[in-house]
Amino acid sequence: MHKPALPQESTDTFQDQVRIVLVETSHSGNIGAVARAMKNMGLGNLWLVNPGSFPDEASYARSSGASDVLDNAQVVGSLDEAISDCVLVMGTSARGRKVPWPVIAPPEAAATAGAHAAKGTVALVFGRESSGLNNEELQRCHFHIHIPSNPDYSSLNLAMAVQVICYELRMHYLRGLEGGEENPNLKPMTMPGDEGWDVELASVNDVEGFFSHLEQVLVDVSFHRRENPRQLMTRLRRLFQRAKLDQMEVNILRGILSSIQKAVGTKGSVKSASADSGAQKKE
């Protein structure tokens, strides 16, 4: 028994206006892997031209829960049947054809597909595992899509090639949503203060209190001498400033420093810069 379909988003990336077409896929497991790649990126419109074996348990097993994509897949006898109602057809191909054809990279292919999807169905065609699309099939395409892989090892697994194109389609779709690059799925989260970070960025006073505490502990354990400081604290300051500590991280680091002082039997932790500042105000 194949796995039940996992929950899908309420709508597909392009409302099924982008059709993934696989031509004479010989290994049914690859069809399942393609279904998984499609569903990962919000696509669900799969057409199969003369598959070697479909449906079968291998395809459903490899789909890893994307069985709804396989359930809805259309099986046809020729490429012409798969693309006859489409307004744009693009096929994956290596460069080097005798007669040059318009060739675009995956990001441009996604933008082109997105522009045409509002006008009708767009087909993205992928060929056989061993030989790709033949010349006659490629001539059915308005554009050829070339994935610029390593020229010394350029052959991509079918599902990998589909994943590359579907990813670019997904990114193009997300950028086109209201807010564009401000979409939470596209915004980076790399430091405190970024949307989604769990703790606020530490204040200057908090960080300065940590530096004072750190220097004292380094003196306590005879690692640092104030009379001959060299550039130790300068370099440590640069290191921790580069990290952009959040409030919780400062608290953790100061807790570690206090534990070190307790272990070596030195005086308790120094006051934070904010505490020093408060004391000065009282005076």
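Everything below is about the structure printed above this text.
Per chain, residues are indexed from 1 in the order of the written sequence. Confidence filtering applies because this is a predicted model: local features only for residues at pLDDT of at least 70, side-chain atom pairs given and counted only at 80 or more, and all residues used for totals across whole chains, interfaces and linings. Note that the side-chain values use all heavy atoms of the structure and ignore hydrogens as well as water.

K.L.:
I keep staring at the overall build of the protein and nothing clicks. Help me out?
P.N.:
Numbering goes from the N terminus for both helices and strands, where a helix is a DSSP run of H or I of at least four residues and a strand is a run of E of at least two. Secondary structure assignment for the protein yields 11 helices and 7 strands. We call a residue buried when its accessible area falls under 20% of the maximum for its residue type, exposed when it is over 50%, and partly exposed in between, using a 1.4 Å probe and counting protein chains only. For the protein, the proportion of its 283 residues judged to be buried stands at 41%. Considering only intrachain contacts with a sequence separation of at least 6, the fraction spanning at least 24 residues in the protein is 78%. If you sum the accessible surface of the protein, you get close to 16100 Å²; carbon and sulfur atoms cover 52% of it. Note on contacts: a residue pair is in contact if any heavy atoms of the two residues lie within 4.5 Å. Residue-level accessible areas treat just the shown protein chains as cover; the underlying method is Shrake-Rupley with a 1.4 Å probe.

K.L.:
Explain the layout of surface pockets to me, please; I cannot follow it from the model alone.
P.N.:
Where empty space is left in the structure can be found by rolling a water-sized probe over the atoms. Buriedness of a pocket was judged along seven lines, with at least five required to meet protein on both sides within 12 Å; pockets are open sets of points on a 1 Å grid over the protein atoms alone, cavities are sets where a 1.4 Å probe fits but cannot get out, and lining residues have an atom within 4 Å of a point. Grid points are joined across faces, edges and corners, and a volume is the space filled by probe spheres set on the points. In this model, the largest pocket occupies a volume close to 570 Å³. Residue type decides the class: Asp, Glu, Lys and Arg count as charged, Ala, Val, Leu, Ile, Met, Phe, Trp, Tyr, Cys and Pro as nonpolar, and the leftover types, Gly among them, as polar. Counted by class, the lining of the largest pocket contains 10 nonpolar, 11 polar and 3 charged residues.

K.L.:
Looking at this structure, I do not really get the packing of helix α8 (residues 204-220) against helix α9 (residues 232-243). What am I missing?
P.N.:
For any two helices packed against each other, one specifies the crossing angle of their axes together with the interaxial distance. Axes here mean lines fitted to C-alpha atoms, for a helix over just the part in contact, with angles spanning 0 to 180 degrees between N-to-C directions. Interhelical geometry of α8 versus α9 gives an angle of 140° and a closest axis separation of 11 Å. Between α8 and α9, the interaxial angle falls into the category oblique. Crossing of α8 against α9: the hand is right-handed. Facing α8, whose interface residues are Val-207, Glu-208, Phe-210, Phe-211, Leu-214, Glu-215 and Leu-218, α9 presents Leu-232, Met-233, Leu-236, Arg-237, Phe-240 and Gln-241. Counted by class, the contact of α8 with α9 contains 9 nonpolar, 1 polar and 3 charged residues. Relative orientations are named as follows: roughly parallel for angles under 35 degrees, roughly antiparallel for angles over 145 degrees, roughly perpendicular for angles from 65 to 115 degrees, and oblique for any other angle. The sense of a crossing depends on the near helix, which, turned anticlockwise from the far helix by less than a right angle, makes the crossing left-handed and, turned clockwise, makes it right-handed.

K.L.:
Just checking my understanding: could you explain unusual backbone geometry for this structure?
P.N.:
The bulk of non-glycine residues show a negative phi, and the bulk of peptide bonds are trans. Cis peptide bonds are those with omega within 30 degrees of zero, and the linkage from Phe-54 to Pro-55 qualifies with -5°. One non-glycine residue, Asn-50, lies in positive phi territory at about 45°. Within the secondary structure layout, Asn-50 lies in the loop between β2 (46-49) and α2 (57-63). Positive phi, normally seen in glycine, also occurs at Ser-64, with a value near 50°. Here Ser-64 lies in the loop between α2 and α3 (67-71).

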